[in-house]
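# A closer look at the structure
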Amino acid sequence: HVAVYGHMFGNLDKDGSGGQIEGQVVASFDRITDGALGADVDAAVRLFGTGFDTGSRVPLFVRTAMLRWGDASDPSIAIGRLRYAATSVGMLDGGRAAFHTGHLELAAYGGLVPDPISGAPDTGASRFGAEAIYDLPTGWHPRLAVNAHGSTWSGQVDERILSVAASANKDSLFFTSFADVQMFDANNPWGAPAVDLTGAGASGEWRHRGNHLGVDLTFLRPERSLRLAAALPQSWQCASKNLPGIMAEPCLGNDFWLATTVSGGFSGSGYSVDAVGSLGTTQSIDQQGDLSGYVRSELGPRAHRAIIAVSGGHAAFAAWEAADLGFALSPGPRLDFALTDRPERLDYVAATDAFVLHNLVADLHYSVSAAFDVAVSAVGTTGADRDVLALLTTLAWRPLP
């Protein structure tokens with residue numbers, strides 16, 4: 001099973017130009033016979049234009065390169081670069097072994113954490129853990145994953161986390177939830193308690209054909225670890241007390257972000273409407289609130305539709321309002337084209353006056369065949385001191401097995 005993706009992006013503005021070309025191969029190999037041995041690869045070759053280099057512009061980025069024994073979706077043994085080591089743990093250069101009995105899976109894993117910017121192998125940090133998963137494929141299809149995992153950094157014990165993820169769905173109803181509890185040393189630099197709830201959330205959604213309604217609630221604290229402390233400024237990990245003359249200001253230790261999002265939509269013959277609204281609060285040095293909303297509708301038959309949308313929001317750093325007016329054409333089942341004008345008003349707190357931007361967006365999607373898609377997006381932005389032209393092209397080739 002092989003899929004090939006090509007991404008090409010370019011931009012031109014007053015300060016110069018830039019661009020990126022990426023070719024990505026996602027492949028899964030299994031023996032033609034009933035043997036359990038297989039391999040998975042997900043790698044991208046990339047070329048970049050001139051510009052500021054953050055260290056992430058590497059010519060080769062490997063997301064997966066592993067040998068496995070068992071099915072690709074849940075192998076009994078996996079060795080190499082794992083796309084994810086557990087339900088709540090991402091890429092890992094190491095191995096995972098799992099034991100299945102009935103609807104229960106017990107697994108253990110361990111290895112080195114790749115560089116978070118370049119994806120290159122790195123010996124500075126390791127991660128290890130054990131996971132138990134209960135997955136019942138009938139009824140509500142309940143799935144519960146409990147994962148205890150830790151890490152080291154430069155030879156020291158770093159993170160110690162217990163993660164729980166649960167989901168269930170039946171017919172048109174879908175539910176998910178998660179929680180992360182982290183343990184800290186008494187003298188940790190972030191002012192965190194010995195045991196702290198660092199993240200939790202729950203969501204529910206009803207979906208039926210073109211209609212849907214959902215709600216999501218999320219609570220997060222800044223991710224805190226010795227590995228991140230060595231790579232990021234302290235202000236990214238915690239709010240600090242302002243003590244004159246103190247270089248390493250102590251953390252307040254009560255940072256969090258809490259948000260709820262409600263979304264919904266309905267459609268019928270010749271119309272569709274989708275909307276989403278979010279309300280959140282951030283506790284840092286002080287408490288700040290933010291809210292945003294977006295409503296989009298398409299009116300008319302599929303062959304020629306009008307696009308109308310409005311959006312707006314308010315955060316601690318800015319307020320904004322925007323409207324989208326445009327049209328979409330679908331002369332056949334393989335071709336879809338849309339052209340949209342988006343005037344937007346931005347009012348930054350640090351700016352003396354609000355200003356208006358105009359965004360003209362053209363989107364083209366063409367299905368050459370059942371296995372080959374082409375998508376092109378062109379965006380032009382004018383207004384204030386900004387004149388930008390950007391072009392994004394995506395090619396997707398997925399031959400049938």
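Report on the accompanying structure. (Residues numbered from 1 in each chain as written. Predicted model: local features only at pLDDT ≥ 70, side-chain atom pairs only at ≥ 80, totals over all residues. Heavy atoms only, no water.)

## Digging into unusual backbone geometry
Put simply, the rule reads: In this description a helix means any DSSP run of H or I spanning at least four residues, a strand means any run of E spanning at least two, and both kinds are numbered starting from the N terminus. Relative accessibility under 20% of the residue-type maximum defines a buried residue, over 50% an exposed one, and the middle range a partly exposed one, all with a 1.4 Å probe and only protein chains included.
Not every positive phi belongs to a glycine, and Asp171 is a case in point at roughly 55 degrees. Take Asp171: it is sitting in the loop between strand S10 (156-170) and strand S11 (173-183). Overall, Asp171 belongs to the exposed group, its relative accessible area being 70%. For Arg209, which is not glycine, the phi torsion reads 55 degrees and is therefore positive. When you line up the elements, Arg209 lands in the loop between strand S12 (195-208) and strand S13 (211-220).

## A closer look at the pairing of strand S8 (residues 125-135)
Regular strands have side chains that alternate between both faces of the sheet. Quick reminder of the rule: Note: two strands are recorded as paired if DSSP finds a minimum of 2 bridges between them.
In this sheet, S8 lies alongside strand S7 (residues 104-112) in antiparallel orientation, the contact comprising nine bridges. Residue pairing across strands places Tyr109 opposite Gly129, the latter belonging to S8. Across eleven bridges, S8 lies against strand S9 (residues 143-153) in antiparallel orientation. When the sheet's bridge partners are listed, Glu131 is paired in S9 with Asn147.

## Thoughts on the pattern of salt bridges
For clarity, the cut-off: Any Lys or Arg side-chain nitrogen located within 4 Å of an Asp or Glu carboxyl oxygen qualifies as a salt bridge.
Summed over all chains, the structure comprises 20 salt bridges. The partner of Asp42 in a salt bridge is Arg63, with the nearest N and O atoms 3.9 Å apart. Placement of Asp42 in strand S3 (residues 37-48) and of Arg63 in strand S4 (residues 60-69) is noted, with a sequence separation of 21 residues between them. Across the salt bridge formed by Asp135 and Arg143, the nearest N and O atoms sit 3.8 Å from each other. Where salt bridges share partners, they join Arg296, Glu298, Arg305 and Asp336 into one cluster.

## Some thoughts on the environment of Gly210
Under the convention used in this document: Throughout, a contact is declared for two residues whenever any of their heavy atoms are within 4.5 Å.
Within the secondary structure, Gly210 is located in the loop between S12 and S13. On the basis of relative accessibility, which here comes to 35%, the residue Gly210 falls in the partly exposed class. C-alpha separation for the pair Gly210 and Gly268, spaced 58 residues apart in sequence, amounts to 7.8 Å. Sequence-distant contacts of Gly210, defined by excluding residues within four places in its chain, comprise Gly265, Phe266 and Ser267.

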